[in-house]
Amino acid sequence: MSRSAHPAGPRYADVLPEGHYTAPPTDLNALDPRVWSRTVARGEDGVATVGGVKVTELAERFGTPAYVMDEADFRARCRAWREAFGRDADVFYAGKAFLSRAIVRWLTEEGLNLDVCSEGELATALAAGMPADRIALHGNNKSAREIERAVEAGVGRIVLDSFQEIARVAGIAERLGRRQRVQIRVTVGVEAHTHEFIATAHEDQKFGIALAEGQAAEAVRRAIKLDSLELIGIHSHIGSQIFDTSGFEVAAHRVVGLLKDVRDEHGVELPEIDLGGGLGIAYTSDDDPREPAEIAAALREIVTRECAAAGLAVPRISVEPGRAIVGPTAFTLYEVGTVKPLRGLRTYVSVDGGMSDNIRTALYDAEYSVGLVSRASTAEPMLTRVVGKHCESGDIVVKDAFLPADVAPGDLIAVPATGAYCRSMASNYNHALRPPVLAVHEGQARVIVRRETEEDLLRLDIG
Ligand SMILES: *Cc1c(COP(=O)(O)O)cnc(C)c1O
């Protein structure tokens with residue numbers, strides 16, 4: 001089934017979709033560890049804590065809405081990916097999921113590399129001290145300035161996305177007297193099992209150069225000839241929120257096929273292969289993602305097997321998880337403003353944020369869960385829809401969610417797994433002030449990205 005987003009937002013008046021959880025969870029006070037970050041727990045007094053800090057204290061000190069990030073969880077996930085892939089592989093965190101200077105420092109300390117796909121992301125990475133050779137530059141239409149800044153800074157790789165870009169990057173590197181390491185991004189004709197708007201490796205799309213009709217082979221031919229480029233490998237990214245490795249299996253098979261053709265034609269074995277990101281996380285208790293160790297073992301096995309069959313040495317593998325690292329590490333803390341029961345339908349619970357801090361529900365029909373976090377409750381479960389405060393009926397945060405029937409204005413509720421693609425896609429719709437990102441660690445909370453102010457808004461509006 002192909003689900004497409006309507007300009008007005010997802011179908012907001014229907015009932016629970018077929019096959020969806022129709023029964024309320026057995027314990028509404030439980031905070032499922034698959035969905036909530038590692039240090040989240042509910043205290044004796046019923047108040048949820050993260051990193052040992054009560055959410056009620058966070059709301060009081062920093063206001064709502066706020067993104068609350070569990071630093072220990074973020075670092076633990078970085079380490080798990082790093083250790084799973086080992087020394088003969090590289091883990092590039094996809095900065096577009098969420099990037100700030102604190103994040104860059106944590107990544108640097110934990111031994112991860114970083115993908116950026118714009119000048120702004122590159123500037124953030126460099127400002128926070130990520131060594132340039134650990135940065136990769138992506139994008140299907142990098143500007144000349146972006147390429148120049150990246151080459152000048154000495155980024156470890158630029159991932160070439162089109163024939164024009166091969167010539168463009170080569171020209172800039174030549175002018176700057178550099179030899180730039182590059183990969184070529186190919187589309188392998190795999191459509192990952194995911195929403196059509198975030199599946200990116202099937203042929204009909206803007207990213208990469210098709211393997212079909214010898215296009216990628218021609219790209220390699222051109223890149224290899226250019227002295228200012230050092231072609232180090234082939235890149236493929238097949239989609240997002242993927243739960244099994246079968247898509248990667250097909251992709252690796254086809255990429256290794258290209259490596260073999262390159263060896264046969266040019267007599268060189270390209271030393272690297274990048275399999276992209278897109279590994280899924282649990283947004284609700286229905287999702288069952290794989291552990292990094294399991295993913296690493298599967299990918300390594302696939303690449304080793306394909307290379308053995310092709311008679312190639314096993315190249316250095318890299319992966320680019322974004323959501324799988326940062327997604328589960330944060331929740332969005334909201335205060336309930338109104339509770340509106342619609343008889344026979346459901347109850348609408350309005351919070352003090354919405355599509356400006358989480359566009360994914362409206363954009364992709366994304367599913368989330370929600371918990372009452374400022375107190376425990378023994379009330380019956382009630383089917384709700386958590387909505388924002390924006391002037392749009394598609395302004396939905398959680399489409400179908402069970403909350404205790406006594407949920408009331410002033411309660412704090414939290415939506416888990418909002419670390420990826422929420423703050424980074426946040427907007428000022430209705431002149432909303434984008435929420436802060438708080439980092440909580442071992443009993444201490446601090447702001448890593450501050451809340452926007454009216455002054456910030458008016459500074460851009462020069463009258
Ligand atoms: C978006 C993207 C990623 C990260 O995707 P996630 O779903 O966050 O893991 C990795 N690589 C490339 C090239 C991307 O565009």
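Residues numbered from 1 in each chain as written. Predicted model: local features only at pLDDT ≥ 70, side-chain atom pairs only at ≥ 80, totals over all residues. Heavy atoms only, no water.

### Observations concerning the pattern of salt bridges
Alright, step 1. Applying the stated criterion across every chain yields a total of 34 salt bridges.
Alright, step 2. Between Asp-406 and Arg-375 there is a salt bridge whose closest N-O contact spans 3.1 Å. Pair noted here: Asp-406 is in the loop between β18 (396-404) and β19 (412-416) and Arg-375 is in the loop between β16 (371-372) and β17 (381-387), with a separation of 31 residues, a long-range link.
Alright, step 3. Accessibility expressed as a relative area gives 33% for Asp-406, which makes it partly exposed.
Alright, step 4. With relative accessibility at 23%, the residue Arg-375 sits in the partly exposed group.
Alright, step 5. With its nearest N and O atoms 2.7 Å apart, the salt bridge here joins Asp-456 to Arg-450.
Alright, step 6. Overlapping salt bridges bring together Glu-71, Arg-75, Arg-79, Glu-109 and Glu-110 as one network. (Salt bridge = Lys/Arg side-chain N within 4 Å of Asp/Glu carboxyl O. Helix = DSSP H or I, 4+ residues; strand = E, 2+ residues; numbered from the N terminus. Buried < 20%, exposed > 50% of the residue type's maximum accessible area, 1.4 Å probe, protein only.)

### Comments concerning the UniProt feature "modified residue: N6-(pyridoxal phosphate)lysine" (unreviewed entry) in the protein
Alright, step 1. UniProt feature "modified residue: N6-(pyridoxal phosphate)lysine" (unreviewed entry): in the numbering of this structure it lies at Lys-96.
Alright, step 2. Locating Lys-96 in the fold gives a position in the loop between β5 (89-94) and α3 (101-110).
Alright, step 3. If we skip the residues at most four places from it in the chain, Lys-96 touches Cys-117, Glu-121, Tyr-421 and Ser-424. (UniProt positions renumbered as here; feature names shortened; annotations may be inferred. Contact = heavy atoms within 4.5 Å.)

### Looking at the UniProt feature "binding site: substrate" (unreviewed entry) in the protein
Alright, step 1. When the UniProt feature table is mapped onto this chain, "binding site: substrate" (unreviewed entry) is found at Arg-323, Arg-360, Tyr-364, Glu-392 and Tyr-421. For the annotated residues, spread through 99 residues, the largest C-alpha to C-alpha distance comes to 27.1 Å, inconsistent with a single compact locus.
Alright, step 2. Within the secondary structure layout, Arg-360 lies in helix α11 (residues 360-364).
Alright, step 3. Under the relative-accessibility criterion, Arg-360 is labelled buried at 4%.
Alright, step 4. Leave out the neighbours within four places in its chain, and Arg-360 touches Tyr-283, Arg-323, Asp-365, Ala-366, Tyr-368, Ala-420, Tyr-421 and Met-425.
Alright, step 5. In this fold, Tyr-364 is placed in helix α11.

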